[in-house]
Amino acid sequence: MGKIKAQSLTDTYTLNNGVHIPVIGFGTWQAKPDDAYTAVKAALAIGYRHIDTAAVYGNEEAVGKAIKDSGVPRQDIFVTTKLWNEQRLNYDDVLHAQFDSLQRLGLDYIDLYLVHCAEIANHHQEWQKLNATTWRAMEYLYTHGAARAIGVSNYMVRHLKELAKTQEVVPAVNQNYLNPFDRQEELVAYDTTNNILNEAYSPLVTGELLNNAIVTAIAKKHNRSAAQILIRWSLEEGFLPLPKSIHPDYIAANAQVFDFELDADDHEQIATLQGKGPMNDDPRTVDFTNFIPWED
Ligand SMILES: NC(=O)c1ccc[n+]([C@@H]2O[C@H](COP(=O)([O-])OP(=O)(O)OC[C@H]3O[C@@H](n4cnc5c(N)ncnc54)[C@H](OP(=O)(O)O)[C@@H]3O)[C@@H](O)[C@H]2O)c1
């Protein structure tokens, strides 16, 4: 606890295929295109080198433009995007979806391409077959250089075990809801044992954990913000946090997490939050109707 190797935004974890991935990713869910553009530009100017978007966020074009206008060389930026559910009902759909994401981003490769969800609404009965076919197409994209690494998101242990029966490439990443309310210990242990990196989405519980009394007390003790405590906690758990903000002052502050450590007492306090707030959605029942709140 406490100590981590990373000391800056450009430090990296090494994925199971040897690709280096910066230890903090910049989240962009719910950032409308104009906001996403300014936020990603601000993040890159501050020193973030890892951006997380998705086809379904509706902001890939803005993210790509911000990358281009940032002046930071393409090869210095790690870009993740994700394959949306309705775009993976058959093998060819996946190839087209990735091509469309590349077009919108204005890029000729993606650093990390993720299957966004383990199950698709109205297709729950066929998740095994759909996931196996999707993954074959993901493997094609990987072996042909369209993605430097491929992974999954919102996969539970049962989805990963099923995939392992047919996969030729082990997912490099599993991106999941991971924060003090839901540490998903069984899933994290499975990923770690199988050399799959745990990316932590909603590290601030989409802002909901920032006023929590335990977190704010720890923040006061270290003279830090609640967001910094949660991002540091995520790193100390061995996760790769993906904090999102559209405000340059928050974006900058959220990167100042390499010059302090949480102590054993902080970790004990934070551990008491498990189960006390929103938990991971079960892929069998999750409803993405409000996934992008500004779109009907
Ligand atoms: N794979 C998936 O299914 C999935 C699902 C959810 C999220 N994600 C990824 O993970 C990223 C992060 O998750 P998230 O968007 O749920 O939220 P989050 O990072 O947990 O929290 C973001 C919220 O906290 C606020 N905030 C950020 N820094 C702050 C600070 N220093 N002080 C006060 N408020 C602060 C932001 O406000 P402002 O923006 O107004 O500044 C925003 O409302 C996403 O953006 C996305 O890239 C992936």
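As shown above, the structure is provided for reference.
Residues numbered from 1 in each chain as written. Predicted model: local features only at pLDDT ≥ 70, side-chain atom pairs only at ≥ 80, totals over all residues. Heavy atoms only, no water.

### Description of the sheet that holds strand 7 (residues 147-153)
- Across the sheet, which stays open at both edges, the 8 strands sit in the order 3-4-5-6-7-8-9-10 with parallel pairing between neighbours. With partners counted over all chains shown, the strands left at the sheet margins are strand 3 (26-27) and strand 10 (240-241), one partner each.
- Both strand 3 and strand 4 (residues 50-52) contribute to a ladder of 2 bridges, which runs parallel. Within the sheet, the bridge partner assigned to G27 lies in strand 4 and is D52. (Pairing = 2+ DSSP bridges. Helix = DSSP H or I, 4+ residues; strand = E, 2+ residues; numbered from the N terminus.)

### Observations concerning the pairing of strand 7
- Strand 7 sits mainly inside the fold: 6 of its 7 residues count as buried.
- Note that strand 6 (residues 110-115) and strand 7 share 5 bridges and pair parallel. Bridge assignment links L114 to a residue of strand 7, and that residue is G151.
- With 2 bridges connecting them, strand 7 and strand 8 (residues 173-177) associate as parallel partners. (Buried < 20%, exposed > 50% of the residue type's maximum accessible area, 1.4 Å probe, protein only.)

### Section: the nonpolar core
- Core analysis: the biggest nonpolar cluster contains 74 residues, and I24 and Y113 have the highest contact counts within it.
- The contacts of I24, once residues within four sequence positions are left out, are L9, Y48, H50, I231, L235, L240, P241, P243, N254, V257 and F258.
- By size, the runner-up hydrophobic cluster in this structure holds 12 residues, among which are I21, F78, L114 and L240. (Core = buried A, V, L, I, M, F, W, Y, C linked by side-chain atoms within 4.5 Å. Contact = heavy atoms within 4.5 Å.)

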